[in-house]
Amino acid sequence: MNRETITLMLNGLDDNYISEAAVFCPNTVQEAPERIVQMKKKKIIVLALAAVLVFALGVTAFAAGWLAPMFNEMKQDYQNRLSKEGYTSPEFAEVEDLYDAYYQEQAELFENAEQYMNEKQPQVEKVTLPEFDESSVTLLERYYDGETLLIGIDLYESVPDTVVGYEPDDELMDKITNVAFYSDVTGNDDLDVLLEEGMTQEIYDLYINNRTDYAEEYDFRHLSAIEFDWWLENNLSSEEYEAAWKTLRETGHLGVVQSIVYVGDHIKMADGTDLGPTGQENMDSNDTYAHSGNILIRASELPDKAKNLDQLDFVLNVRQVRVYYYMELGSPCYFFLEQVATSEVPFSIENGA
């Protein structure tokens, strides 16, 4: 079974605990509601190929969907939900009509967005960020109908390698105090406590039964510790993972430093007007945070000032942060997030309605 937290969310996590599995806490703590990320069930294999074709051949007329693989995938996803392919669930029976109406609306929205891309064939726009060691943001797909903004970007992050075995000094240790991978960063993430407080037995069992061999050997029972171990296994090579555990076993603790480039959710107009709540979705994987690779961003509650314009001018706020993780055997995993740099990247999209 996939050990990523998306599995837990998609298997009926109680409402009180959805944010625990769905939010990448290091990016939410500093400035909520940053990094509210929507989940997907499957990877989009065609995205990489489509991007290669667009860059290599220029904007050429491909079959429907090739110029807008992200929009096409979302359209198909909502159409599948309407046809109940793999989405039926007894507990949703009473509100099924409401869900269907929403799915139909979203399927039509992404169909219009895909049609716009294939008819207009807008040019790919790449912006390199020298202040971020040549990281870049490339606007691939875009759609604005006067009410909603949809953009598909490729975010390439050029950051220092993850450092495993980092030993924080006393000053930094005083800052690494928030519980990682858990919405209540000052709370108790012991699974037995969470079970008593309302976590379902199914979710509890998923955490316990899907621990790695090492986590089972040391009987990890803190949600953040189990998540951190999964994170190590998924983000390190097998040799690096074994080395990390060697350090953890020999010293009783492990420090890790990860650098990340991501796009902030507060998209603004040129005059500073906030475009309202936005969602981000990593279209390449089931990662619970959206950074690096193909990312779909949507703003569906635009303020009046941003509605029904001939052209919407907006600015993406790109950020580089450094995340420090620290865990002792038998304890939760803690983190501290440090902002390194920010950059504002302007784009313009014509009204395609």
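My aim in this report is to walk through the structure given alongside it, one point at a time. What you see is a predicted model; the values in this text were computed from it and never measured.

A word on the pattern of salt bridges
Taken as a whole and assessed by the stated rule, the structure comprises 12 salt bridges. Taken together, the shared-partner salt bridges in this structure form one network comprising Asp192, Arg211, Asp219 and Arg221.

Focus on the sheet that holds strand 1 (residues 125-129)
Taking strand neighbours across the sheet as the criterion, the 5 strands line up as 1-2-3-9-8 in an open arrangement whose pairing is antiparallel. At either margin of the open sheet sits one strand with a lone partner, and together these are strand 1 and strand 8 (278-282). For this sheet, the mean angle separating the axes of adjacent strands, direction not counted, is 25 degrees. Summarising the sheet, strand 1 and strand 2 (residues 135-144) pair through 5 bridges and their orientation is antiparallel. Paired with Thr128 across the bridge in strand 2 is Ser136.

Remarks on a negative patch on the surface
A cluster of like negative charges, contributed by Asp161, Glu239, Glu240 and Glu242, occupies part of the molecular surface. Looking at where Glu242 falls in the secondary structure, it is placed in helix 11 (residues 238-251). A relative accessible area of 41% means that Glu242 is categorised as partly exposed.

Regarding the packing of aromatic side chains
This model, assessed by the stated rule, comprises 18 aromatic pairs. An angle of 45 degrees between the planes, with centres 6.3 Å apart, marks the rings of Phe314 and Phe347 as tilted. Residue Phe314 is located in strand 10 (residues 311-328), and its partner Phe347 is located in strand 11 (residues 333-350); the two are separated by 33 residues in the primary sequence. Like Phe314, the residue Phe347 is buried in the burial classification. Taken together, Phe71, Tyr78, Tyr102, Tyr103 and Phe110 form an aromatic cluster joined through their ring pairs.

Considering the environment of Leu172
Mapped onto the secondary structure, Leu172 falls in helix 6 (residues 170-173). In sequence terms Leu172 and Tyr324 are 152 residues apart; their C-alpha atoms lie 8.9 Å from each other. Excluding anything up to four places from it in sequence, Leu172 contacts Tyr166, Tyr324 and Phe336.

Notes on the nonpolar core
Counting 39 residues, the largest nonpolar core has Leu191, Met199, Tyr207, Phe228, Leu232 and Tyr325 as the members making the most contacts within it. At the level of elements, helix 7 (191-197), helix 8 (201-209), helix 9 (213-217), helix 10 (223-235), helix 11, strand 6 (253-263), strand 10 and strand 11 are the ones that each hand at least two residues to this core. Counting residues per element, this core draws most heavily on helix 10, which supplies 7 residues. Among the nonpolar cores identified, the runner-up in size contains 27 residues, and Leu129, Leu155, Ala299 and Ala306 belong to it.

Scoring rules and cut-offs
Residues numbered from 1 in each chain as written. Predicted model: local features only at pLDDT ≥ 70, side-chain atom pairs only at ≥ 80, totals over all residues. Heavy atoms only, no water. Salt bridge = Lys/Arg side-chain N within 4 Å of Asp/Glu carboxyl O. Pairing = 2+ DSSP bridges. Helix = DSSP H or I, 4+ residues; strand = E, 2+ residues; numbered from the N terminus. Axes fitted to C-alpha atoms, helices over the stretch in contact; angles between N-to-C directions. Patch = residues over 30% accessible without salt bridge, like charges linked within 9 Å, V, L, I, M, F, W, Y side chains within 5 Å. Areas by Shrake-Rupley, 256 points an atom, 1.4 Å probe, with all protein chains shown as cover. Lys, Arg positive; Asp, Glu negative; His and termini not counted. Charge placed at Lys NZ, Arg CZ, Asp CG, Glu CD. Buried < 20%, exposed > 50% of the residue type's maximum accessible area, 1.4 Å probe, protein only. Phe/Tyr/Trp six-rings, centres within 6.5 Å; stacked < 30°, edge-to-face > 60°. Contact = heavy atoms within 4.5 Å. Core = buried A, V, L, I, M, F, W, Y, C linked by side-chain atoms within 4.5 Å.

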